[in-house]
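Observations on chain architecture
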There are 2 protein chains.
Amino acid sequence: MLTLYGYWRSSAAYRVRIALNLKGLAYRQVPVHLVRDGGEQHGEAYQALNPQGLVPLLVDEENGGAPIAQSLAIIEYLEEIFPVPAILPADPVERAQVRALALHLACDVHPLNNLRVLQYLGRELGVDDAAKNAWYRHWVAAGLAAVEQGLAAYGDTFSLGTRPGYLEACLIPQVYNARRFDCDLDAYPRILALTARCEALEAFRHAAPDAQPDAQ
Amino acid sequence: MLTLYGYWRSSAAYRVRIALNLKGLAYRQVPVHLVRDGGEQHGEAYQALNPQGLVPLLVDEENGGAPIAQSLAIIEYLEEIFPVPAILPADPVERAQVRALALHLACDVHPLNNLRVLQYLGRELGVDDAAKNAWYRHWVAAGLAAVEQGLAAYGDTFSLGTRPGYLEACLIPQVYNARRFDCDLDAYPRILALTARCEALEAFRHAAPDAQPDAQ
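Residues numbered from 1 in each chain as written. Chains lettered and ligands numbered in written order. Predicted model: local features only at pLDDT ≥ 70, side-chain atom pairs only at ≥ 80, totals over all residues. Heavy atoms only, no water.

What follows is about the overall build of chain A. On a plain count of helices and strands, chain A comes out with ten helices and four strands. Listing the helices and strands of chain A from first to last along the sequence gives β-α-β-α-β-β-α-α-α-α-α-α-α-α. Rg of the C-alpha trace for chain A: 17 Å, near the compact-globule value of 17 Å for 216 residues, within the 12% margin. Viewed in the frame of its principal axes, chain A has a C-alpha envelope of about 45 × 45 × 30 Å. Counting over 216 residues, chain A shows a buried share of 57%. Counting contacts in chain A only where the partners sit at least 6 residues apart, residues at least 24 apart contribute 66% of the total. (Helix = DSSP H or I, 4+ residues; strand = E, 2+ residues; numbered from the N terminus. Rg over C-alpha atoms; globule rule 2.2 N^0.38 Å. Buried < 20%, exposed > 50% of the residue type's maximum accessible area, 1.4 Å probe, protein only. Contact = heavy atoms within 4.5 Å.)

Written out as structure tokens, the structure reads:
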């Protein structure tokens, strides 16, 4: 049994839900409410599982049950344990290109814009909401511009030709976040077209934040 | 021939140098000066190679020469193309734990503290140097605390038992950064001990910022 600790609106958890769905894996969800009562992720119960206090976290009971943190580590793990269908290309250079684009988002956009950082900007640095939104949009724009150029390699289909995979599992949650913060996406036609292709698929629809049991 | 575009003090480039050395791979370095003249990474020549404008970047001419961005994508690529000696454990759960600890640093510490973010804090948000240093140390402390707990699994040796690997390639550059910004590291005895073990090894000494041709 696979158990995913997450939060409906966490885009890192959203990536893992997409990867699980693309592989057709059944999983149990345990919601960790990131906002209520100061954040369940800071509580003793969750800290015992993940001292970093972030979601998502995967527990694979059939493999010893050691908790695995970090969305990309979880996705690589799923690819190794459940290799079919693959979500990374087979060729090492192509795999590297997909990972690089995913890391553009997972390292250089998302961590700058997640909840704890926005909280720090407001509470510790006295940054007002307008400047926080400008910060958010600045990093989204920088990351998406690089991904938009990178997508030129994939034509009008998906990162795996006829199927989406690792790249799309990282991209679509970032687009969700960008829309949530009213980022202007007109400059990224390839990203918008790929997002529309993905959003038509069940694996993505079932992984969407609003479709989760803890959505509010 | 492997060519690494980097910068002596970029801790992401430093990670890749360690990985290359651990695998005993020869490589050519091309320095990209991140500060001089507003930053060479923003110039046309480098942008053509990497539109994201960050270092490091690897070019492997024997494999078609397509540039590979993002330090962790490069390290995974090296592990796939040059599997011996391995720098990840063989067991999928252990691989996932190493990747998760590396991502704690590569996603949740480093991107918050790199040059472009510190520049944004100062230029756009008017944050003074004292508050920038507090910001820097805050994210270092959060990340290293999680890694310190994670290191309990590795005892008094290395992540691969008798040898360091992927985990140490990501950790030691972060410790270098933390020291550069005078972060207090007393709370992380496992990290300090592992760092000392690594710093005694040639692969790490030759990868250190001060040992690079472009060091100033």
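Let us now look at the relation of the copies chain B and chain A. When chain B is fitted to chain A, the best match, at an RMSD of 0.0 Å, comes from turning it 180° and sliding it 0.0 Å along the axis. Such a turn and shift between the copies fits a two-fold axis. Among all residues of chain B, the minimum C-alpha distance to the rotation axis is found for Cys107(B), at 2.2 Å. Counting the interface residues of chain B, we find that 100% of their copies in chain A are interface residues as well, pointing to one common contact surface. (Least-squares fit on C-alpha atoms with pLDDT ≥ 70 in both.)

Per the counting criterion, the structure on display carries 18 salt bridges over all chains. For Glu80(B), the salt bridge identified is with Arg95(A), shortest N-O distance 2.9 Å. Here Glu80(B), found in helix H3 (residues 71-81), pairs with Arg95(A), found in helix H4 (residues 92-108), and the two come from separate chains. Between Arg99(A) and Glu80(B) there is a salt bridge; the shortest N-O distance is 3.1 Å. Placement of the pair is Arg99(A) in helix H4 and Glu80(B) in helix H3, with the two residues belonging to separate chains. Taken together, the shared-partner salt bridges in this structure form one network comprising Glu76(A), Arg95(A), Arg99(A) and Glu80(B). (Salt bridge = Lys/Arg side-chain N within 4 Å of Asp/Glu carboxyl O.)

Residues annotated by UniProt as "domain: GST N-terminal" (unreviewed entry) correspond here to residues 1-86 of chain A. With 34% helix and 17% strand, residues 1-86 of chain A has its two end C-alpha atoms placed 20 Å apart. (UniProt positions renumbered as here; feature names shortened; annotations may be inferred.)

Let us look at helix H9 (residues 189-199) of chain B. Residues spaced three or four apart along an α-helix face the same direction, because each turn holds 3.6 residues. All names here are of chain B. Restricting attention to buried positions, one finds in H9 the residues Ile-191, Leu-194, Thr-195 and Cys-198. Down the axis of H9, the smallest arc covering the buried residues is 105°, so these residues share one side. On its buried face, H9 is in contact with helix H7 (129-150), helix H8 (166-180) and helix H10 (202-205). (Arc of directions from axis to C-beta.)

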